[in-house]
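One letter stands for each residue in the lines below.
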Amino acid sequence: MRMNVGGLNLHNVELRRSAGAPQQLVKSGLPQVAFAGRSNVGKSSLINSLLGRKKLARVSSEPGKTITVNYYEVDGKIYLVDLPGYGFANRGKEETKKWSALTQNYFEENDALKLVLQLVDIKVGFTEDDRMMLEYLNYYKVPYVVVATKCDRLNKTQLTESARRIAEDPLLRPGTGIILYSSVKSIGRDELWGMILKTIKG
Ligand code: GTP
Ligand code: MG
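Residues numbered from 1 in each chain as written. Chains lettered and ligands numbered in written order. Predicted model: local features only at pLDDT ≥ 70, side-chain atom pairs only at ≥ 80, totals over all residues. Heavy atoms only, no water.

## Overview of the overall build of the chain
Moving on, step 1. A count of helical and extended segments in the chain gives five helices and nine strands.
Moving on, step 2. Listing each helix as α and each strand as β along the chain from the N terminus yields β-β-β-β-α-β-β-α-β-α-β-α-β-α.
Moving on, step 3. In summary, the chain has a C-alpha radius of gyration of 16 Å against a globular reference of 17 Å for 202 residues, a match within 12%.
Moving on, step 4. With the C-alpha coordinates of the chain rotated into their principal frame, the extents come out at 45 × 40 × 35 Å.
Moving on, step 5. When each of the 202 residues of the chain is scored for burial, the buried share is 50%.
Moving on, step 6. Here the contacts in the chain between residues at least 6 apart in sequence split such that 76% fall between residues at least 24 apart. (Helix = DSSP H or I, 4+ residues; strand = E, 2+ residues; numbered from the N terminus. Rg over C-alpha atoms; globule rule 2.2 N^0.38 Å. Buried < 20%, exposed > 50% of the residue type's maximum accessible area, 1.4 Å probe, protein only. Contact = heavy atoms within 4.5 Å.)

Okay, structure coming up:
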């Protein structure tokens, strides 16, 4: 596992901020790469995998439990931002309101946001909630790539077929990149870091 990527020392990482209210969000300073997706799709696991840590970002046994925006500062150079998951069926009205307020505000006038990694479970494909999210990202012209998660759960034939279906979805902005990932097997790690670094360095 490489712990130095593109000059970033991955031993030097910390949870810098956990924002539970819009006024706690960070919109300037270090460039941000945000992780969006359904609850349970594997956002926190992906962050841990990229950073080569087992338990830095909390992997939920109770999906959708915490509604916070978590900023992981990497070597004083970038933030990896773990956004609260959506599509959690048992979430109450108050919690749903909190999620919307926080998420919408995060995307609004955020000059520091450079790239969104939109996660989709390779076995599930895009859900209705994912579609709303994609429409939102398209509308506000937020740059994004799709990361298909849990790729270790399919065999090669299934993987190719599922990836094709996701890539050909008409809702995706033309030219959108898709990265096949497994946090369990670290598949896609170098490729995704390459994309992140390219975006940050311009
Ligand atoms: P919320 O924080 O609730 O929004 O969920 P999350 O998107 O952060 O998902 P999380 O990383 O907590 O992972 C959810 C479940 O999926 C956990 O049980 C993980 O172990 C599992 N998981 C995550 N990534 C992978 C993967 O690449 N392969 C497999 N097989 N399981 C995974
Ligand atoms: Mg999580």
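## With respect to the side chain of D121
Moving on, step 1. Here D121 is to be found in strand β7 (residues 113–121).
Moving on, step 2. A polar atom in the side chain of D121 sits 2.9 Å from the backbone nitrogen of K123. (Polar contact = N/O pair within 3.5 Å; in protein donor to acceptor, adjacent residues only side chain to side chain.)

## Describing the site of ligand 1
Moving on, step 1. Every one of the 19 residues lining ligand 1 counts as a neighbour, but S39, K43, S45, D152 and S183 are closest to it.
Moving on, step 2. S44 is positioned such that a nitrogen or oxygen atom in its backbone is 3.0 Å from an oxygen atom of ligand 1.
Moving on, step 3. At a separation of 2.7 Å, a nitrogen atom of ligand 1 approaches a polar side-chain atom of D152.
Moving on, step 4. When the free accessible area of ligand 1 is taken as 650 Å², the share hidden by the protein chains comes to 82%.
Moving on, step 5. Looking at the shell around ligand 1 residue by residue, the class counts come to four nonpolar, 10 polar and five charged. (Near = heavy atom within 4 Å. Areas by Shrake-Rupley, 256 points an atom, 1.4 Å probe, with all protein chains shown as cover. Nonpolar A, V, L, I, M, F, W, Y, C, P; charged D, E, K, R; others polar.)

## A few points about the pattern of salt bridges
Moving on, step 1. Under the defined criterion, the tally for this structure stands at 11 salt bridges.
Moving on, step 2. Linking E161 and R164 is a salt bridge whose minimum nitrogen-to-oxygen distance equals 3.0 Å. Pair noted here: E161 and R164 are both in helix α4 (residues 156–167), with a separation of three residues, about one helical turn.
Moving on, step 3. E168 is the salt-bridge partner of R164, the closest N and O atoms lying 2.8 Å from each other.
Moving on, step 4. The network of salt bridges with common partners includes E161, R164, R165 and E168. (Salt bridge = Lys/Arg side-chain N within 4 Å of Asp/Glu carboxyl O.)

## Quick look at helix α2 (residues 93–107)
Moving on, step 1. Between its first and last C-alpha, α2 extends 22 Å over 15 residues, near the 21 Å set by a 1.5 Å rise per residue.
Moving on, step 2. Along α2, the residues that are buried comprise W99, L102, T103, Y106 and F107. Buried residues in α2, looked at end-on, bunch into an arc of 125 degrees, giving them a common side. In this structure, α2 carries K93, E94 and K97 as exposed residues pointing more than 90 degrees from its buried face. (Expected span 1.5 Å × (residues − 1). Arc of directions from axis to C-beta.)

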